[in-house]
There are 10 protein chains.
Amino acid sequence: MSTQPSRVLETFPNPQPERDYCIRIRIPEFTCLCPKTGQPDFAELTLEYVPEERCVELKSLKLYTWSFRDEGAFHEAVTNQILDDLVAATQPRFMRLTAVFNVRGGLYTSVVAEHRAPAWQAPQPVQLP
Amino acid sequence: MSTQPSRVLETFPNPQPERDYCIRIRIPEFTCLCPKTGQPDFAELTLEYVPEERCVELKSLKLYTWSFRDEGAFHEAVTNQILDDLVAATQPRFMRLTAVFNVRGGLYTSVVAEHRAPAWQAPQPVQLP
Amino acid sequence: MSTQPSRVLETFPNPQPERDYCIRIRIPEFTCLCPKTGQPDFAELTLEYVPEERCVELKSLKLYTWSFRDEGAFHEAVTNQILDDLVAATQPRFMRLTAVFNVRGGLYTSVVAEHRAPAWQAPQPVQLP
Amino acid sequence: MSTQPSRVLETFPNPQPERDYCIRIRIPEFTCLCPKTGQPDFAELTLEYVPEERCVELKSLKLYTWSFRDEGAFHEAVTNQILDDLVAATQPRFMRLTAVFNVRGGLYTSVVAEHRAPAWQAPQPVQLP
Amino acid sequence: MSTQPSRVLETFPNPQPERDYCIRIRIPEFTCLCPKTGQPDFAELTLEYVPEERCVELKSLKLYTWSFRDEGAFHEAVTNQILDDLVAATQPRFMRLTAVFNVRGGLYTSVVAEHRAPAWQAPQPVQLP
Amino acid sequence: MSTQPSRVLETFPNPQPERDYCIRIRIPEFTCLCPKTGQPDFAELTLEYVPEERCVELKSLKLYTWSFRDEGAFHEAVTNQILDDLVAATQPRFMRLTAVFNVRGGLYTSVVAEHRAPAWQAPQPVQLP
Amino acid sequence: MSTQPSRVLETFPNPQPERDYCIRIRIPEFTCLCPKTGQPDFAELTLEYVPEERCVELKSLKLYTWSFRDEGAFHEAVTNQILDDLVAATQPRFMRLTAVFNVRGGLYTSVVAEHRAPAWQAPQPVQLP
Amino acid sequence: MSTQPSRVLETFPNPQPERDYCIRIRIPEFTCLCPKTGQPDFAELTLEYVPEERCVELKSLKLYTWSFRDEGAFHEAVTNQILDDLVAATQPRFMRLTAVFNVRGGLYTSVVAEHRAPAWQAPQPVQLP
Amino acid sequence: MSTQPSRVLETFPNPQPERDYCIRIRIPEFTCLCPKTGQPDFAELTLEYVPEERCVELKSLKLYTWSFRDEGAFHEAVTNQILDDLVAATQPRFMRLTAVFNVRGGLYTSVVAEHRAPAWQAPQPVQLP
Amino acid sequence: MSTQPSRVLETFPNPQPERDYCIRIRIPEFTCLCPKTGQPDFAELTLEYVPEERCVELKSLKLYTWSFRDEGAFHEAVTNQILDDLVAATQPRFMRLTAVFNVRGGLYTSVVAEHRAPAWQAPQPVQLP
Ligand SMILES: [Ca+2]
Ligand SMILES: [Ca+2]
Ligand SMILES: [Ca+2]
Ligand SMILES: [Ca+2]
Ligand SMILES: [Ca+2]
Ligand SMILES: [Ca+2]
Ligand SMILES: [Ca+2]
Ligand SMILES: [Ca+2]
Ligand SMILES: [Ca+2]
Ligand SMILES: [Ca+2]
Ligand SMILES: [Ca+2]
Ligand SMILES: [Ca+2]
Ligand SMILES: [Ca+2]
Ligand SMILES: [Ca+2]
Ligand SMILES: [Ca+2]
Ligand SMILES: [Ca+2]
C-alpha cells in the first residue's frame, strides 16, 4: 500500500457480519484549506459505524484523510463529502461522522452527519444502570 | 462584508439539503448590558441547528453577536430574541440556543430555547454503544 | 427591594410565554442549620424550570435563599419546601430542584424533587448527534 | 443511638409522600473482607431511592455500613444483600445500589442492582435541554 | 487455579438470579500482537453483563486475558471473539464488550459488541433525576 | 466539649515535637457577613502549619470557624485575624492561612497570610524527581 | 460610589501592614477593542499583590476594569498600563498582573508584568511538603 | 510469606545503591480506628524514599498497612509512627510519608513527615524546561 | 500584510522596555512533513519571551508558522530552527520554545529550547504563597 | 531497520549541540514479566534528556522497549537498567527516566532515576511568571 495521499478507501471483510456492532475511529489530524482565504483549517474527525460486509482499512483511511491537505473545503460541505465517500466504500448499516473544527474568528464550529441503510433497523439500545 | 456590528445575518445555501445533519457553533464572547444597572453582562452562547435551505454565515454571525455590546437586555428575553432572529434568517428544520451567563449576585443562570419547523419530524436518534 | 433575608419571592412576566423554554439557576451558597444538632449545613441548589406566566426574579431568589440561614431544616423536607414555595410563586409548567448537601458523617446526600403542571405535556426532546 | 456497628437500619417518616422524588447517598468508606483470602476489600457505594413511607436515617446507615468491616463477602452477593436489607427496612417505591470496588488483580469491578415496588409506575422523565 | 495464561473461563453460580442486575469489569491490561507487523497492540477492555446462572470468575478472566499476549489479532475480530468466548462460558442474559485500542498511525480505534439472550427482555430503565 | 460556636481554640500536645512535619487542614464551610451590606460571604480556608508543642484540636477548630457565622468581616482583615488567633493558641514554628472567597461582583478574591516563629529555620526542602 | 465606568481607583487602609501577605483577585470579564480592527477583545486578568499601606477597593476595581470597554488597546501595552495605574493607586510592596487573552487568528496570547518596590525584600518562601 | 496482617516489614537489597534514585508508592487503602469514638478512619498514604541498602518489599508493606485495621490511632501520631517503622526497617537516605485522611466533621486533614539520614546530602535538583 | 505563508517575521516596538515582562503565545496548529516518510506531522508550539526592543507581530507569526506546511523537518532540528529565527527577528532578553508533537509509533515526543541574551540577568522570581 | 524487538539503540547526531535543550519522550506501552510470578507487568515510561552529541532514534527506542516483553524484571532494577542502556548509547549531558507501574496488590509504584555527566553544569533555570 502506498504512503501517498489517496482518495481510494481500502476495505476488508467484516469478521462478524451477524452482529450489529460498532466501530469508532477518532482522527485528530485532519487539515484542509479555507476556500475563501486559502489559509489552513484544522479539525478532529470521529467516525462511528455499524459495518455490513466491509470495514474500512485504517492505513487507507489515514491516506484518504491526508488527501485533503491541499484542498479548499467549507466546513459543512467537506463533512458531508467525507461521509459520502466512506458510505460508498463500505456500504455500512449505519455511519456517523463528527467534525470538530478549530476556532475561527472566536467561533467554535462542529458538523455531524449520519447515513442509515434504508433496510436497516437500529437495535433497541440496552441501557445498563 | 463590513467589520462593524450589524443585526443583518448573512446566509449561504445548505450544501447537503437531503440530509438532516447538525451544525453546532459555540460563541464564548457574547456581552450586553444589564437593563437595570447598565453594567456589562457576559455569556457563552451555543447554537445548534438542522439546516433547511440556508446556513448562517460565520463572520456575519460574529458581527450580529457584537451588535448587542451596547444594548440593555434581560437574560430570558435576549435568548429568545436571538433565537427568533436566527430562525427568521435561516428558516431551519430545528434550532436550539443555549445562553450560559456569568455569575451575578452569587447565582449562575442559563437559558435554553428551541424552535422546530411545524412540518419537520425529528429523526429517531441512533444510540451507538 | 430590600437587602434583608425574606421569604417573599418576587416575579416578573415571562417574556416569551408561547415557547416551552428552560431557565436553569445554580445557587452554590445555601446554608441552614441541622435541626438535631443546631450545627450549620451547606448545600448547592440547582433550580430548573419551564415558565408559564411568571419568572422568578434573581435578587429576590437570593434573599429567599438567605432566609434559611438561621432555620433548622432536614435535607428531605427543606428541598420539598423550597420547591413548593417556588411553585406557589411562579406556577410553572415544570420545575425541578436539586439539592446537593455537603458531606456529613462521611456520607454525601442529595435530594431531587420535581413539579409538573397537570395540564402540561412535556415536549418530545430533540436529541442532536 | 449507639456508635457501634449495627445491622439495624433506622428510618423516619417520608416528609413528602405525595411526590416521587429522589434521595441519593454516596458512601465512599465501605470495607469488608475477601471470603477467599481474608484480606480487606474496599468499595464506594451509591444508594438512590424514591421513598414510599420511610426514609433511611443517615447515622444508622453509617453504622450499618460499618457492620461489614469484619465480614467475608463476595462482590456480587454483598451488593444484592445490602440492597435487600435497605428494601426490607424502607419498602421504597424504587431503589438502586451501585458498588464500585477497588482494583483487584488489575481488574476493576462494579455491581449495580435495583428494586422496584410491583405497583409502582416510574414517572415519565422530563428531559430539559 | 493455575497462574499460567489459559483460554479456560471459570464461572461460579449467580448469587441472585431472580434479579436483572449488572456486573461491570474494566480490564486495562489487554495486549496482543498485530497480525500484519507482529508488533504489540494494547487495549483497555470493559465487560458489562446481566448474569443468568453463572458469573465469570475474576482470576480466570485475568488468565484468559493474558492468553492473547502472544497471539496475532485484528481489532474487530478479537473483540467479537472474546465476547463469543465469554457468552459461551456464562450464557448471560445480556453482555457487552468494549475494546479501546491505543493509537496506531495517529488513529484511535474502539470496537463495541453486544450479545442478548433471545428470550430476554431488557427491563425498562428507571432514569432518576 | 460544647457544640456551640466558640472562639476558644482547644489544643493537644504535639506527638512528635522532634520533627518539623506539616499538618494541613482544609475547611470548605467558612461563612461570615459582609460588613458593608450585611449579606452572607462564603470562603474555603486552608490551614497549614509546622507544630511546636501544641496541635489544634479538630472539633474545636470547627466550632471556632462556626463562630464567624454572624460576624461582619472584611476579607483581608478576617484572614489575618484567624491566623493571629491560631498562632496565639498553638505557638507554631510556621503557619499559613489561605482564604478563597466566593465570587462577588464578578471578582474572585483570595488572601494568604503566614506566621514564622522568629527562632525557626525552615528546613531545606528535598525535591524528589 | 458610582456605577459608571471610571478610571479612579479607590483604596482602603491595609488592615495588617506588619505582615507581607498576598491578595489575589481574578477578573474574568475584561474586554476592550482591538486598535487595528475595532473589534472586541476579551481577557481574564489576575492581580496578585503584597500591600503596603493601601488595598484596592473591589467595586472600584470593577468600575476601573469596565472603563476599557470602549477603548482601543494592544495586548502588551494595556497589561503594562493597568499595572502602572494599580501601582500608582496603591504603592504596593509587590504587584503582578497576568492577562490571558482569548484566541485570535488561532493564537493564544498572554502577558505577565510585575512591579517591585525598590526597598522591598521578598521573604524567603517556605515550601511545605 | 503470610497473608495475615503483620508489623514485620520485609526488605530486599537495593539493586542500584550507587545512585540517589526515588521510589514512590501510593497506598489508597489505609484504615484504622478513631481512638476517641472507635469509628473507622480512612486515609491514602504516599511513601517516597531514596534507598540506601534496603528497599521495602511490596507485599510486606501491604500486610503492614493492614495491621492498623483494628488499632486506634490519632492522625498526627500514626503518620509519624509509620514513618518511624519504615525508617527502622530500611535505613533510607531520605523518606517522606504523606497521609491524606478522609473528611471528618467537614474538615479535611493531611499530615506529612520526613526523615533524612544525617550524612546524606540531597542532590541539587535538575529542573528541565 | 499578505495572507501567504512567509518566512518573514514582522515586529513592532516593545511598549514597555523598562520592564522585564513575559509574553506567552500558544500555537496549536503547527504542521510539517516527516523527512523520512513524507507524511504530515503535527505539533503544538508554545513561545515564551521577555522582549528587549521588538515584539513579534501575531499575524506575521501565524504566516511564519504556516510556511512549514510543505517542509520536511525533524523534531529536534525544527524546534531549534524556529527558535533561531525568532531570536534573529526580535533579539529578545530571553526566549523559550516548546514543541509538543503528536504521537508517532506509540511514542509522544516534545522538545524545549531556550535562548538567553548574554548580558541579561534573569530577575529573582517572587513566589507568592 | 528491523521490526523485531532489539536491545540495540540507534542514535543520530544532535542537530544543535551548542544548546542545552531538552527532549522528552513518553512511552505508555512498556510491559515485562514479574520475576516472582511470571505474570505480565505494565508501566508508562517517561524519558527526559539533554543531548550531547547523539540523540536516540525513536523507532529504535520503540524496538528496545519491546524487547522487555518476555523478560522477568523487578521494578527498581529494570528502571535503572534501561537508564544505563540509554546513557551508554547516547552519552547525554543529563538524563532522567520515570517508570510509573500499574497497580499491584492495591499499591501503585513508580521509580525515578537520573544520570548526570560529571563535567556538565545544569543551567540556572529561568522561571517566567
Ligand atoms: Ca489538537
Ligand atoms: Ca462555513
Ligand atoms: Ca470566559
Ligand atoms: Ca433576569
Ligand atoms: Ca436526614
Ligand atoms: Ca476509593
Ligand atoms: Ca467475585
Ligand atoms: Ca494505560
Ligand atoms: Ca483493523
Ligand atoms: Ca463550595
Ligand atoms: Ca474587601
Ligand atoms: Ca499585539
Ligand atoms: Ca479515598
Ligand atoms: Ca487529631
Ligand atoms: Ca526524530
Ligand atoms: Ca519490587
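Residues numbered from 1 in each chain as written. Chains lettered and ligands numbered in written order. Predicted model: local features only at pLDDT ≥ 70, side-chain atom pairs only at ≥ 80, totals over all residues. Heavy atoms only, no water.

Sorry, what's going on with the overall build of chain A here?
When helices and strands are counted, chain A shows two helices and six strands. Walking chain A from its N terminus toward its C terminus, one meets helices and strands in the order β-β-β-β-α-α-β-β. In terms of principal-axis extent, the alpha carbons of chain A reach across some 45 × 40 × 25 Å. Every one of the 129 residues in chain A was classed for burial, and the buried ones make up 57%. Summarising the internal contacts of chain A: among those between residues at least 6 apart in sequence, 68% fall at separations of at least 24. By element, 52% of the accessible surface of chain A is carried by carbon and sulfur atoms, the whole surface being about 5,200 Å². With 13 positive and 16 negative side-chain charges, chain A shows a spacing of 4 Å between the two charge centroids. (Helix = DSSP H or I, 4+ residues; strand = E, 2+ residues; numbered from the N terminus. Buried < 20%, exposed > 50% of the residue type's maximum accessible area, 1.4 Å probe, protein only. Contact = heavy atoms within 4.5 Å. Areas by Shrake-Rupley, 256 points an atom, 1.4 Å probe, with all protein chains shown as cover. Lys, Arg positive; Asp, Glu negative; His and termini not counted. Charge placed at Lys NZ, Arg CZ, Asp CG, Glu CD.)

Honestly, helix α1 (residues 58–66) of chain G in this entry has me stumped. Any pointers?
Given 3.6 residues per turn, any residue in an α-helix points the same way as the ones three and four places further on. Those residues of α1 of chain G not exposed but buried are Ser60, Leu61, Leu63, Tyr64, Thr65 and Trp66 of chain G. Lining the buried residues of α1 of chain G we find β3 (40–50) of chain B together with β2 (22–33), β3 (40–50), β4 (54–56) and α2 (75–90) of chain G. Between the side-chain oxygen at the start of α1 of chain G and the backbone nitrogen of Lys59 of chain G there is a gap of 2.9 Å, and the oxygen is on Glu57 of chain G. (Polar contact = N/O pair within 3.5 Å; in protein donor to acceptor, adjacent residues only side chain to side chain.)

Got a minute to help me understand the pattern of salt bridges in this structure?
Oppositely charged side chains are able to pair whenever their charged atoms sit close together. Under the definition given, this model contains 117 salt bridges over all chains. One salt bridge connects Arg104 of chain H with Asp41 of chain H, and the closest N-O pair in it is separated by 2.9 Å. With Arg104 of chain H in the loop between β5 (94–101) and β6 (108–116) and Asp41 of chain H in strand β3 (residues 40–50), this pair connects stretches of sequence that are 63 residues apart. Residue Arg104 of chain H shares its accessibility class with Asp41 of chain H, and that shared class is buried. When salt bridges with common partners are traced through the structure, they connect Arg24, Glu48, Arg96, Glu114 and Arg116 of chain A into a single cluster. (Salt bridge = Lys/Arg side-chain N within 4 Å of Asp/Glu carboxyl O.)

How should the pairing of strand β5 (residues 94–101) of chain I be read in this particular structure?
Note on strand geometry: in a regular strand, side chains alternate between the two faces of the sheet. Residues and elements named next belong to chain I. The buried fraction of β5 is high, at seven of eight residues. In this structure, β5 lies alongside strand β6 (residues 108–116), joined through seven bridges in antiparallel fashion. When the sheet's bridge partners are listed, Ala99 is paired in β6 with Val111. Hairpin connection between β5 and β6: a loop of six residues separates the two successive antiparallel strands, and Gly105 in this loop has a positive phi of roughly 60°. (Pairing = 2+ DSSP bridges.)

How should the relation of the copies chain E and chain A be read in this particular structure?
Applying a rotation about an axis and a shift along it to one chain copy brings it onto the other copy. Between chain E and chain A, the superposition needs a rotation of 72° and an axial shift of 0.0 Å, giving an RMSD of 0.0 Å. These values place the two chain copies in the arrangement generated by a five-fold rotation axis. Relative to the rotation axis, the C-alpha of Gln127 of chain E is the closest in chain E, positioned 8.6 Å from it. Interface overlap between copies: only 7% of the residues of chain E at the interface are likewise at the interface in chain A, consistent with a contact formed by different surfaces. (Least-squares fit on C-alpha atoms with pLDDT ≥ 70 in both.)

What is the right way to look at the interface of chain J and chain I in this model?
You'll often see interface size given as the accessible area lost when the parts meet. Taken together, the 23 residues of chain J in the interface contact 27 residues of chain I. Of the roughly 2,200 Å² buried at the junction of chain J and chain I (both faces included), carbon and sulfur atoms supply 55%. When the buried surface of chain J facing chain I is broken down by residue, Arg19, Val126 and Leu128 of chain J rank first, second and third, together holding 30% of it. Taken together, chain J and chain I are joined by two salt bridges. On inspection of chain J and its partner chain I, the count reaches eleven residue pairs in polar contact (both at pLDDT 80 or more). When residues of the side of chain J that touches chain I are assigned to their parent elements, the largest contribution, seven residues, is made by strand β2 (residues 22–33) of chain J. When its residues are assigned to classes, the side of chain J that touches chain I shows 15 nonpolar, three polar and five charged. (Buried area = accessible area lost by both parts, 1.4 Å probe. Nonpolar A, V, L, I, M, F, W, Y, C, P; charged D, E, K, R; others polar.)

I tried to follow unusual backbone geometry on my own but got confused; where do I start?
Trans is the prevailing form of peptide bonds, just as negative phi is the prevailing case for residues other than glycine. Residue and element names in this part refer to chain A. A positive phi angle is found at Gln91, which is not glycine, with a value near 45°. Along the chain, Gln91 turns up in the loop between α2 (75–90) and β5 (94–101). Taking relative accessible area as the criterion, Gln91 reaches 53% and is therefore assigned exposed.

I tried to follow the UniProt feature "binding site: substrate" (unreviewed entry) in chain A on my own but got confused; where do I start?
Residue and element names in this part refer to chain A. Taking the UniProt record as the reference, the feature "binding site: substrate" (unreviewed entry) is found at Val56, Glu57, Leu58, His75 and Glu76. With the annotated positions falling across 21 residues, the maximum pairwise C-alpha distance of 25.0 Å shows that they are not confined to a single cluster. Along the polypeptide, Glu57 turns up in the loop between β4 (54–56) and α1 (58–66). One can find His75 in helix α2. If near-sequence neighbours (up to four positions away) are discounted, His75 is found in contact with Asp41, Phe101, Thr109 and Val111. (UniProt positions renumbered as here; feature names shortened; annotations may be inferred.)

How do you make sense of the UniProt feature "active site" (unreviewed entry) in chain A when you look at a structure like this?
Residue and element names in this part refer to chain A. Mapped onto the present numbering, the UniProt feature "active site" (unreviewed entry) falls at Cys34 and Asp41. With respect to the helices and strands, Cys34 occurs in the loop between β2 (22–33) and β3 (40–50). When neighbours within four sequence positions are excluded, Cys34 is seen to be in contact with Gln39 and Asp41. Ignoring anything within four residues of it in the chain, the contact list for Asp41 reads Phe30, Thr31, Cys32, Leu33, Cys34, His75 and Arg104.

Looking at this structure, how should I read the interface of chain E and chain A?
Across the boundary between the two partners, chain E contributes 28 residues, which contact 23 residues of chain A. Roughly 2,200 Å² of surface becomes buried between chain E and chain A when both sides are summed, with 55% attributable to carbon and sulfur atoms. The largest per-residue losses of area from chain E upon contact with chain A belong to Glu76, Leu107 and Tyr108 of chain E, which jointly make up 27% of the total buried on that side. Across the chain E-chain A interface, the total number found is two salt bridges.

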